[in-house]
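One-letter residues, chain by chain:
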Amino acid sequence: MTQDFLTIEDCSGSQLLAMLDLAQTLKTERAKGIERDSLRGKTLAMIFEKPSTRTRVSFEVAMNELGGRAMVLQKTDLQLGRGETVADTAQVLSRYVHALMLRAHNHATLEELAEYASVPVINGLTNLHHPCQIMADLLTVREHCGSIAGKVVAWVGDGNNVCHSWMQAAVALGFTLRIATPEGFEPSLEMPESEHIIFCVNASEAVRDADVVVTDTWVSMGDDDTLSRRMSFLEYQVNGELMAQAKDSAIFMHCLPAHRGEEVSDDVLDGPQSVVFDEAENRLHAQKAVLLWCMGAM
Ligand code: CP
Ligand code: NVA
């Protein structure tokens, strides 16, 4: 059976854990030079409405290493960029390729693509969700902290796409997510209240004795970059002083790209608690598992 992966909620907690186990196995196998070709003959088309380094390259390498291939389609190079509908594009591309990945400004565009595509659709980031990032992040937490269940993750910064996917993961997997955002930048995701999600009044309250500290850019792709926006975030920089309030064993995470001296100081990003490059690497391993799950090859 094939499946879409539009949000973390597309999977049950046990499916998420099975995908993380598979990702870990694939990572270990790759380190030993063991190859798999489960996606031989399969093609992934990736459509980008916004720039990307990690998502684009890790998906392309993942497909290659699983025996398939990937093509990168910038929206402006497609007829989609001059008015062909999402629905028609979905139906046409479904006749050529075996899966689609979309990085879109609006989550509704992704949902429309998925509605009309007859092949699995994967979310490569929208304004509302970044589930592939969170699969890599969960893999990273498991590697560095052991099991994710029972851990305390502190989210400091903008409550948008990456934060939303963390929220869904906290509920699915039963860890605690403490969220500290400036006023006006709270998560917009509608979710039932959960004991696993705690809203904090400031960054210190979120970070105190946390196992994991996570942040993201103050100005996401598509946001207006205004002085007042930046001023709102000044108290939300993850720096040495803030990080010192987490557990001594705490790790620092960031989906990258980082804006050094803004949401994170250099000493934290480059410091011993930072696992950001493991996290970036894990996009590759986690997305192999996502691809195999979506294409019914797990
Ligand atoms: N973290 C992430 O999605 O990075 P890119 O924007 O480079 O794909
Ligand atoms: N929140 C960021 C994530 C980038 C990977 C953005 O949407 O630009």
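Heads up: these notes are all about the structure in this document. (Residues numbered from 1 in each chain as written. Chains lettered and ligands numbered in written order. Predicted model: local features only at pLDDT ≥ 70, side-chain atom pairs only at ≥ 80, totals over all residues. Heavy atoms only, no water.)

What follows is about the side chain of D137. Summarising the element assignment, D137 is placed in helix α5 (residues 131–145). Residues in contact with D137, not counting those within four places in the same chain, are W166, M253 and E279. (Helix = DSSP H or I, 4+ residues; strand = E, 2+ residues; numbered from the N terminus. Contact = heavy atoms within 4.5 Å.)

Let us look at the site of ligand 2. Around ligand 2, a shell composed of L125, N161, D216, T217, S220, M221, C255 and L256 is seen. A distance of 2.6 Å separates a nitrogen atom of ligand 2 from a polar atom in the side chain of D216. In the environment of ligand 2, an oxygen atom lies 2.8 Å from a nitrogen or oxygen atom belonging to the backbone of M221. Coverage of ligand 2 by the protein amounts to 95% of the 270 Å² it exposes when considered alone. Among the cavities detected, the one that contains ligand 2 is the largest pocket. (Near = heavy atom within 4 Å. Polar contact = N/O pair within 3.5 Å; in protein donor to acceptor, adjacent residues only side chain to side chain. Areas by Shrake-Rupley, 256 points an atom, 1.4 Å probe, with all protein chains shown as cover. 1 Å grid on protein atoms, 1.4 Å probe; cavity = no way out; pocket = protein on both sides within 12 Å on 5 of 7 lines; lining within 4 Å. Sits in = over half its atoms within 2 Å of the grid points.)

Before going further, it helps to examine the sheet that holds strand β1 (residues 43–48). The four strands lie next to each other as β2-β1-β3-β4, forming an open sheet whose pairing is parallel. Each edge of the open sheet carries a strand with a single partner, namely β2 (69–74) and β4 (121–123). Between one strand and the next, the sheet's axes are offset by a mean angle of 20°, whatever the strand orientation. Bridge analysis of β1 against β2 gives six bridges, and the strand direction is parallel. Along β2, the bridge assignment pairs I47 with L73. Here helix α2 (residues 54–65) sits on the sheet and contacts β1, β2, β3 (99–103) and β4; the angle it forms with β2, its principal contact strand, is near 155°. (Pairing = 2+ DSSP bridges. Axes fitted to C-alpha atoms, helices over the stretch in contact; angles between N-to-C directions.)

Turning our eyes to something else, we now look at the site of ligand 1. All residues adjacent to ligand 1 are S52, T53, R54, T55, R103, H130, Q133, C255, L256 and R283. Between ligand 1 and T55 there is a distance of 2.7 Å, counted from an oxygen atom to a side-chain nitrogen or oxygen. The side chain of Q133 places a nitrogen or oxygen atom 2.9 Å from a nitrogen atom of ligand 1. Relative to its unbound accessible surface of 260 Å², ligand 1 loses 96% to contact with the protein. A breakdown of the residues in the shell around ligand 1 according to their chemical character gives two nonpolar, five polar and three charged. (Nonpolar A, V, L, I, M, F, W, Y, C, P; charged D, E, K, R; others polar.)

Moving on: the pattern of salt bridges. Using the criterion set out here, one finds 15 salt bridges in the structure. One salt bridge in this structure joins R30 and E65, with 2.8 Å as the shortest N-O distance. Of this pair, R30 sits in helix α1 (residues 13–31) while E65 sits in helix α2, and the two are 35 residues apart along the sequence. With relative accessibility at 28%, the residue E65 sits in the partly exposed group. Note that K247 is salt-bridged to D211, the shortest N-O span being 2.7 Å. Linking K247 in the loop between α9 (240–243) and β9 (251–254) with D211 in the loop between α7 (203–207) and β8 (212–215), this pair joins segments that are 36 residues apart in sequence. Its relative accessible area of 8% is what places D211 among the buried residues. (Salt bridge = Lys/Arg side-chain N within 4 Å of Asp/Glu carboxyl O. Buried < 20%, exposed > 50% of the residue type's maximum accessible area, 1.4 Å probe, protein only.)

With that settled, the discussion passes to the layout of surface pockets. Computed from the structure, the largest pocket encloses a volume of approximately 420 Å³. Elements represented by at least two residues in the lining of the largest pocket include exactly α2 and α6 (161–173). When grouped by side-chain class, the residues that make up the lining of the largest pocket number eight nonpolar, 14 polar and six charged. Roughly 160 Å³ of volume is contained in the second largest pocket. Of all the secondary-structure elements, those providing two or more residues to the lining of the second largest pocket are α7 and α9. Residue composition of the lining of the second largest pocket, grouped by class: four nonpolar, five polar and two charged. (Points joined across faces, edges and corners; volume = space filled by probe spheres on them.)

Turning to unusual backbone geometry, a few remarks are in order. A cis amide bond links L256 to the next residue, P257, at an omega of 5°. With respect to the helices, strands and loops of the structure, P257 is situated in the loop between β9 and α10 (266–269). Phi angles above zero are rare outside glycine, and L125 is one such case at about 115°. The phi dihedral of L256 falls on the positive side, at around 65°, and the residue is not glycine. Tracing the sequence through the fold places L256 in the loop between β9 and α10. L256 sits in the buried class, given a relative accessible area of 10%.

Moving on to the nonpolar core. Core analysis: the biggest nonpolar cluster contains 57 residues, and F5, M135, L138 and W166 have the highest contact counts within it. In terms of residue count, helix α11 (residues 276–294) provides more of this core than any other element does, eight residues in total. Those residues in contact with M135, other than ones at most four positions away along the chain, are F5, I8, L16, M19, L20, A286 and V290. Counting residues in each nonpolar core, the second largest holds 22 residues, with C200, L256, V264 and L269 among its members. (Core = buried A, V, L, I, M, F, W, Y, C linked by side-chain atoms within 4.5 Å.)

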